[in-house]
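Here's the letter readout for the chains.
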Amino acid sequence: MAQNSRFSIKTGLMAIGAIALMGLGIIIYVYANVGVGSWDVLHASLAEYYPSLTIGTFSFELTIGRWIMIVGVITVFVSQLIHRNPYYFLSILVGIVQGYVTDFWEMLLRKMHVIEWIQMNVLTRWLGFAIAINALGFGISLLIRSKFPPTPIDTLTMGLFKRLNLKFSVAKYASEAIAFMTVFILNIIHGKPFNNMGIGTILSLLMIGKIVAWSDAFWVRVLRLENSPQV
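In this report, we go over the structure that sits alongside the text. The shown structure was predicted, so the numbers you read here are calculated from the model rather than taken from an experiment.

Rules used in this analysis
- Residues numbered from 1 in each chain as written.
- Predicted model: local features only at pLDDT ≥ 70, side-chain atom pairs only at ≥ 80, totals over all residues.
- Heavy atoms only, no water.
- Salt bridge = Lys/Arg side-chain N within 4 Å of Asp/Glu carboxyl O.
- Helix = DSSP H or I, 4+ residues; strand = E, 2+ residues; numbered from the N terminus.
- Buried < 20%, exposed > 50% of the residue type's maximum accessible area, 1.4 Å probe, protein only.
- Axes fitted to C-alpha atoms, helices over the stretch in contact; angles between N-to-C directions.
- Parallel < 35°, antiparallel > 145°, perpendicular 65-115°, else oblique.
- Left-handed = near helix turned anticlockwise from the far one by under 90°.
- Contact = heavy atoms within 4.5 Å.
- Nonpolar A, V, L, I, M, F, W, Y, C, P; charged D, E, K, R; others polar.
- Core = buried A, V, L, I, M, F, W, Y, C linked by side-chain atoms within 4.5 Å.
- Pairing = 2+ DSSP bridges.
- 1 Å grid on protein atoms, 1.4 Å probe; cavity = no way out; pocket = protein on both sides within 12 Å on 5 of 7 lines; lining within 4 Å.
- Points joined across faces, edges and corners; volume = space filled by probe spheres on them.
- Polar contact = N/O pair within 3.5 Å; in protein donor to acceptor, adjacent residues only side chain to side chain.
- Expected span 1.5 Å × (residues − 1).

## With respect to the pattern of salt bridges
- Within the structure shown, the criterion is met by five salt bridges.
- As a salt-bridge pair, Lys192 and Glu48 come within 3.0 Å of each other at their nearest N and O atoms. In this pair, Lys192 sits in the loop between helix 8 (168-189) and helix 9 (199-222) while Glu48 sits in helix 2 (residues 38-49), placing the two residues 144 residues apart along the sequence.
- Accessibility expressed as a relative area gives 36% for Glu48, which makes it partly exposed.

Below you can see the structure in the form of structure tokens.
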């Protein structure tokens, strides 16, 4: 979708809600432990392999949220190589906010013992997975509809969408596949080819594009937005 420079309270609230949904989805994804979506496999694996950065006497913890920020900056620059759109450099700020929101959700869900409940048995893990993938899909489509800059991950999706003239759902599949191959190579390097992967990873790869499309239709109807065939 083309960006719109005219923001409003409504679009601002949509963006906040979208980022909150995506942050919640990411954390539940990771702790449901049935296999997370491709990008979140990457974030979780990086946080596991490189949990901190030490420079001299200074040590900096690298949480999942902070890896979201780092990967986000790299992804925005890569997306610019595919389809140049300086507006999407603002997505770096969205990625930073998303990283902090994700870490906030992790802290909150731990204090409320929700993570313990999700990990209680197989049924609760798969219920958590279902909540996570829908929270992510609804969040992605809502952020796009808000006309705010997309997440760094979705700048790559939008680059593929524009450059290759694909449907948005197909471009989303393509970006997920790129992340999947990247983390698979990273895991092989560390001797854990399928680290943080599982049946849920494959299901996410197959389903996330459709969920984004379905949820876009939901937001159009509920929020009375202008319809668009692009998602």
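## Focus: the packing of helix 3 (residues 64-82) against helix 4 (residues 91-111)
- Orientation of helix 3 relative to helix 4, taken along the N-to-C sense of each, is 165 degrees, at an axis distance of 7 Å. By the angle between their directions, the pair helix 3 and helix 4 is classed as roughly antiparallel. For the element pair helix 3 and helix 4, the recorded crossing hand is right-handed. In contact with Ile64, Gly65, Arg66, Ile68, Met69, Val73, Val76 and Phe77 of helix 3, helix 4 contributes Ser91, Ile92, Gly95, Ile96, Gln98, Gly99, Tyr100, Thr102 and Asp103.
- Class assignment for the residues of the contact of helix 3 with helix 4 results in nine nonpolar, six polar and two charged.

## Points about the packing of helix 3 against helix 7 (residues 152-164)
- At a minimum axis separation of 8 Å, helix 3 and helix 7 run at an interaxial angle of 10 degrees. Judged by the inter-axis angle, helix 3 sits roughly parallel to helix 7. Counting all contacts with helix 3, which are made through Gly72, Thr75, Val76, Ser79 and Ile82, the residues of helix 7 involved are Pro152, Ile153, Thr155, Leu156, Gly159, Leu160 and Arg163.
- Its residues placed into classes, the contact of helix 3 with helix 7 shows six nonpolar, five polar and one charged.

## Let's talk about the nonpolar core
- Among the nonpolar cores identified, the biggest contains 60 residues, and Met22, Tyr29, Trp39, Leu42 and Leu109 are the most heavily contacted of them.
- Not counting chain neighbours up to four residues away, the residues in contact with Met22 comprise Gln98, Ala135, Leu136, Gly139, Ile140, Leu143 and Thr151.

## Things to note about unusual backbone geometry
- The backbone of Asn33 sits at a positive phi, close to 60 degrees, despite the residue not being glycine.
- Residue placement: Asn33 occurs in the loop between helix 1 (9-32) and helix 2.
- Using a relative accessible area of 51% as the deciding quantity, one classes Asn33 as exposed.

## Some points on the pairing of strand 1 (residues 52-55)
- Looking at chain direction, strand 1 and strand 2 (residues 58-61) are connected through four bridges and run antiparallel. Across the sheet, the residue bridging to Thr54 is Ser59, located in strand 2.
- Following strand 1, the chain reverses through two residues before pairing antiparallel with strand 2; Gly56 in that reversal takes a positive phi of roughly 65 degrees.

## What about empty space enclosed by the protein?
- According to the stated counting rule, one finds three cavities of 30 Å³ or more in the structure shown.
- Estimated volume of the largest cavity: approximately 180 Å³.
- Residue lining of the largest cavity: 18 residues in total, with Asp40, Leu136, Ile140, Ile153 and Glu176 positioned closest to the centre.
- Contributing elements (two or more residues each) for the lining of the largest cavity: helix 1, helix 2, helix 6 (122-146), helix 7, helix 8 and helix 9.
- A class-by-class count of the residues in the lining of the largest cavity yields nine nonpolar, five polar and four charged.

## Things to note about the side chain of Asn195
- With respect to the secondary-structure elements, Asn195 resides in the loop between helix 8 and helix 9.
- A relative accessible area of 14% places Asn195 in the buried class.
- Separated by 3.0 Å, the side chains of Asn195 and Glu48 make a polar contact.
- In this structure, Asn195 is in contact with Val41, Ser45, Glu48, Tyr49 and Asn187, ignoring residues within four places of it in sequence.

## Here's the deal with helix 6
- For helix 6, with 25 residues, the first-to-last C-alpha span of 36 Å sits near the 36 Å given by 1.5 Å per residue.
- Measuring from the side-chain oxygen of the N-cap residue of helix 6 to the backbone nitrogen of Leu123 gives 3.0 Å; that N-cap residue is Asn121.
- Among the residues trailing helix 6, Lys147 stands out with phi positive, at a value near 70 degrees.

## Some words on the side chain of Thr63
- Tracing the sequence through the fold places Thr63 in the loop between strand 2 and helix 3.
- Looking at Thr63, the relative accessible area reads 16%, which means it is buried.

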